Amino acid sequence: MKRFLVLLSLVILTNIPFSCVDDCGPFNPLESKITELYVLVGSLTSSGFIATKSTDFGLAAIQIGIADLDYTEVMASIARPRFSFINAAIACSPRFPEPTQAIESMVITSQSTVYAQGHEFLPGEQLNELFKINGNQTIAEYITKQKNDIELFGNIGSTINFQLLEQPDSTINQTFTFDIQFSDLSEMVVISEVFEVKS
């Protein structure tokens, strides 16, 4: 009888999970999808973006950020059956949702004429070349970087800060439209408040 109890104890102990592993808990992985963006006009300082507007070329900035996400449960692969006398598992936290949308394209336009870099940009004309992102990247460079690291712009709180690459030839005082297309074929369009930069 003692021998049977010892064997039973060993079988039970070797089948109880003592640590969290990838397949613990009843959780399936979650994927996130951007459902809402916000846009702010403010200033980009050495300590980051602030909502205080500035007309100074070196400070004036537009920020786009993720305001809301939708979460989709991904069906997990079927785990190998485990034979155990006790159907128990130590509680684990669910995995964080994984962003899945890479930015495919981003187009900036305005309904007003822009005079910058020695050119006249007519209403509706693409203005990407007039802007830099987060201080030193072109829009194309940022898109490439985000494709390689989707979390760069994939979670609530993720932001992109836009500033003019060069001081405009005449004062800018207008709204800008940002049309962003993602790898899942979704598209989001946001329009800024009036963005003013002195020449």
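The structure displayed is predicted, hence computed values, not measured ones.

Okay, the packing of aromatic side chains next. Per the counting criterion, the structure on display carries 4 aromatic pairs. Plain terms: the ring middles of Phe 162 and Phe 178 are 4.8 Å apart, the flat faces sit at 50° to each other, and that makes the pair tilted. Taken together, the residues span a long stretch of sequence, with Phe 162 in strand S9 (residues 159-164) and Phe 178 in strand S11 (residues 177-182) at a distance of 16 residues. Residue Phe 162 shares its accessibility class with Phe 178, and that shared class is buried. Feature note: the residues Phe 131, Phe 162, Phe 176, Phe 178 and Phe 195 constitute an aromatic cluster, connected by ring pairs.

What follows is about a negative patch on the surface. A contiguous patch of negative charge, built from Glu 31, Glu 98, Asp 149 and Glu 151, is present on the exposed surface. You can see Glu 98 is positioned in strand S4 (residues 98-99).

The next thing to look at is unusual backbone geometry. In the Ramachandran plot, Gln 117 falls in the positive-phi region, its phi being about 55° despite a non-glycine side chain. Take Gln 117: it is sitting in the loop between strand S6 (114-116) and strand S7 (119-121). Positioned with a positive phi, Leu 185 is a non-glycine residue whose angle comes to about 75°. Considering the arrangement of structural elements, one finds Leu 185 in the loop between S11 and strand S12 (187-191).

Per the stated rule, a full pass over the model turns up 4 salt bridges. Close ionic contact of Glu 193 with Lys 53 constitutes a salt bridge, the shortest N to O distance being 3.4 Å. In this pair, Glu 193 is assigned in the loop between S12 and strand S13 (195-197) and Lys 53 in the loop between strand S2 (48-50) and strand S3 (60-73), connecting sequence segments 140 residues apart. Given a relative accessible area of 44%, Glu 193 falls into the partly exposed group.

To continue, consider the sheet that holds strand S5 (residues 103-109). Pairing is antiparallel in the open sheet, where 3 strands are placed in the order S5-S11-S12. At either end of the open sheet lies a strand with only one pairing partner, and these are S5 and S12. Direction aside, the axes of adjacent strands within the sheet are offset by 15° on average. Pairing of S11 with S12 involves 5 bridges; the strand directions are antiparallel. When the sheet's bridge partners are listed, Phe 178 is paired in S12 with Val 190.

Cut-offs applied
Residues numbered from 1 in each chain as written. Predicted model: local features only at pLDDT ≥ 70, side-chain atom pairs only at ≥ 80, totals over all residues. Heavy atoms only, no water. Phe/Tyr/Trp six-rings, centres within 6.5 Å; stacked < 30°, edge-to-face > 60°. Helix = DSSP H or I, 4+ residues; strand = E, 2+ residues; numbered from the N terminus. Buried < 20%, exposed > 50% of the residue type's maximum accessible area, 1.4 Å probe, protein only. Patch = residues over 30% accessible without salt bridge, like charges linked within 9 Å, V, L, I, M, F, W, Y side chains within 5 Å. Areas by Shrake-Rupley, 256 points an atom, 1.4 Å probe, with all protein chains shown as cover. Salt bridge = Lys/Arg side-chain N within 4 Å of Asp/Glu carboxyl O. Lys, Arg positive; Asp, Glu negative; His and termini not counted. Charge placed at Lys NZ, Arg CZ, Asp CG, Glu CD. Pairing = 2+ DSSP bridges. Axes fitted to C-alpha atoms, helices over the stretch in contact; angles between N-to-C directions.

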